[in-house]
Amino acid sequence: MPHDVREPQAAPSAALPTPEEDARAAAQARSAALRRRLTIYLVRIVLVAVWLGSWELAARNWIDPFYYSRPTSIWDRLVDWFSHGTSQGSIWEQISYTLREAVLGFVLGSLGGVVLGVVLGRSRFLSDVCAPFIKAANAIPRIILASLFVIWFGLGMQSKVATAFVLVFFAVFFNAFQGAREVDRNLVNNARILGAGRWAVLRTVVVPSATSWILASLHSAFGFAIIGAVVGEYSGADKGLGLLINHAQGTFDAAGIYAGMIIITVLALLAEWLLTMLEGRLLRWRPPSAADSNPV
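Definitions and limits used
- Here, residues in each chain are numbered from 1, in the same order as that chain's written sequence.
- Two thresholds apply to this predicted model, a pLDDT of at least 70 for residue-level local features and 80 or more for giving and counting side-chain atom pairs, whereas whole-chain, interface and lining totals are computed over all residues.
- Each side-chain value is worked out from all heavy atoms of the structure, with water and hydrogens disregarded.
- UniProt positions are given in the numbering used here, feature names are shortened, and annotations may be inferred rather than shown by experiment.
- Helix numbers and strand numbers start at the N terminus; a helix is a DSSP run of H or I with at least 4 residues, a strand a run of E with at least 2.
- For every residue, the accessible area (1.4 Å probe, protein chains only) is compared with the maximum for its type, and the residue is labelled buried under 20%, exposed over 50%, or partly exposed between those bounds.
- Only heavy atoms enter the contact rule, under which two residues are in contact if any of them lie within 4.5 Å.
- Helices are assigned an expected span. That span is 1.5 Å times one less than the residue count.
- Nitrogen and oxygen atoms within 3.5 Å of one another constitute a polar contact, given that in protein one can donate a hydrogen and the other can accept it, and given that sequence-neighbouring residues count only through two side-chain atoms.
- Put simply, buried Ala, Val, Leu, Ile, Met, Phe, Trp, Tyr and Cys residues joined by side-chain atoms within 4.5 Å make one nonpolar core.
- The axes used here are C-alpha line fits, helices contributing only the stretch in contact, and every angle between their N-to-C directions lies in the interval 0 to 180 degrees.
- We call a crossing left-handed when the near helix sits turned anticlockwise from the far one by less than a right angle, and right-handed when that turn is clockwise.
- When residue character is reported, Ala, Val, Leu, Ile, Met, Phe, Trp, Tyr, Cys and Pro are called nonpolar, Asp, Glu, Lys and Arg charged, and the others, Gly included, polar.
- How sure the predictor is of each residue is captured by pLDDT, a score from 0 to 100.

In the annotation of an unreviewed UniProt entry, the protein is listed under the name ABC transporter permease and assigned to Actinomadura logoneensis. Word for word, the UniProt comment on the protein under Subcellular location (unreviewed entry) is "Cell membrane".

In structure tokens:
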């Protein structure tokens, strides 16, 4: 009896998505990302509202607002400063003065930290020679340096820029140094095989490879620059947010101290936002990481 001979059937192939399905999936992904972003912002607002509300309630019932102030008093102080000025003059003048000191210290400290960090990171001999001196300089308390800078450079902007420079320099230097040390040796060897000299290797291989390390340090470096400017003003100045906070402390104005802290925080957050945008542009070539593609 003849057996039925059936031709083997090919396994069904997966159907490719149509352009309409691709567009629908992209729209769903954008919608999910938007919902997640809105949820994050909402949770942040709720946390801040709960924190401020509990602080206001405690200041009205249990704690002494003379020492701890309260959110409504801080808001009134900010409104008064921006509407009528401060005891030291216009609030915008104080902000501008501190911001100029911080920006100058940030730029000079970042340039110095990047240059010296990359140079020492690529030169074992120079790094071994300079290592104890750099560690000793980094160990000096910054408040002592701020006092010395006031004596050396006076109450003007130079002493505040010097304090901000010191804080920024070491924050950037160690990251640039480590980034230059972590460069893939195979990339360097391949560049040298292709005829690249020392300067070409430094410019085309070392610096781009260390960019991630350097930019990571810049996020905290500007905060250090503002801290350096404020600490310098606190040690001795004729204007600035640090002087404003120092004056508020001398008059037992807790609301004024908090108001100055809020202004400094807002400046630091704005700088962080600008640096994040700059980092996104400079590192556009880098493929997305697993954390970027699969956010928690």
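Looking at where Lys-135 falls in the secondary structure, it is placed in helix 5 (residues 124-139). Using a relative accessible area of 60% as the deciding quantity, one classes Lys-135 as exposed. In this structure the C-alpha to C-alpha distance between Lys-135 and Phe-170, which are 35 residues apart in sequence, comes to 9.7 Å.

Along the chain, Thr-98 turns up in helix 4 (residues 91-122). A residue is classified by how much of its surface remains accessible, and Thr-98, at 2% relative accessible area, is buried. Those residues in contact with Thr-98 that lie beyond four places of it in its chain are Ala-229, Val-230, Glu-233, Gly-240, Leu-241 and Gly-242.

A separate point is helix 4. Given a rise of 1.5 Å per residue, 32 residues ought to cover 46 Å, and the 46 Å separating the end C-alpha atoms of helix 4 matches this to within 8%. Measuring from the backbone nitrogen of Trp-92 back to the side-chain oxygen at the start of helix 4 gives 3.2 Å, which picks out Ser-90 as the cap.

The subject of this paragraph is the nonpolar core. Counting 37 residues, the largest nonpolar core has Ile-91, Phe-106, Phe-222, Ile-226, Leu-241 and Ile-263 as its most contacted members. Secondary structure elements with two or more residues in this core: helix 3 (71-84), helix 4, helix 7 (157-181), helix 9 (198-235), helix 10 (241-250) and helix 11 (254-282). The greatest single-element share of this core, amounting to twelve residues, is contributed by helix 9. Ranked by size, the runner-up nonpolar core spans ten residues in total, among them Ile-134, Leu-145, Phe-149 and Ala-162.

Turning our attention to the UniProt feature "transmembrane region" (unreviewed entry) in the protein. Under the UniProt annotation, the feature "transmembrane region" (unreviewed entry) is placed at residues 38-58, 102-121, 133-155, 161-177, 213-235 and 255-275. Between the C-alpha atoms that bound residues 161-177 there is a distance of 23 Å. The span itself is 100% helix and 0% strand.

Before going further, it helps to examine the packing of helix 6 (residues 142-153) against helix 7. Viewed as axis vectors pointing N to C, helix 6 and helix 7 meet at an angle of 145°, and their least axial separation amounts to 8 Å. Helix 6 and helix 7 meet at a crossing whose hand is right-handed. Of helix 7, the residues touching helix 6 (which contributes Arg-142, Leu-145, Ala-146, Phe-149, Val-150 and Phe-153) are Gln-158, Ser-159, Ala-162, Thr-163, Val-166, Leu-167 and Phe-170. Looking at the contact of helix 6 with helix 7 residue by residue, the classes come out as nine nonpolar, three polar and one charged.

Looking now at the packing of helix 4 against helix 7. At a minimum axis separation of 6 Å, helix 4 and helix 7 run at an interaxial angle of 30°. The hand of the helix 4/helix 7 crossing is right-handed. Residues belonging to the contact of helix 4 with helix 7 are distributed by class as follows: 19 nonpolar, seven polar and five charged.

Let's shift gears to the side chain of Gln-94. Relative to the assigned elements, Gln-94 resides in helix 4. Gln-94 sits in the buried class, given a relative accessible area of 0%. Once residues within four sequence positions are removed from consideration, Gln-94 is found in contact with Thr-86, Gln-88, Gly-89, Lys-239, Gly-240 and Leu-241.

Averaged over all residues, the pLDDT of the protein equals 81, while 82% of them reach at least 70. Of all the helices and strands in the protein, helix 12 (residues 290-293) carries the lowest mean pLDDT, 48, while helix 3 carries the highest, 91.

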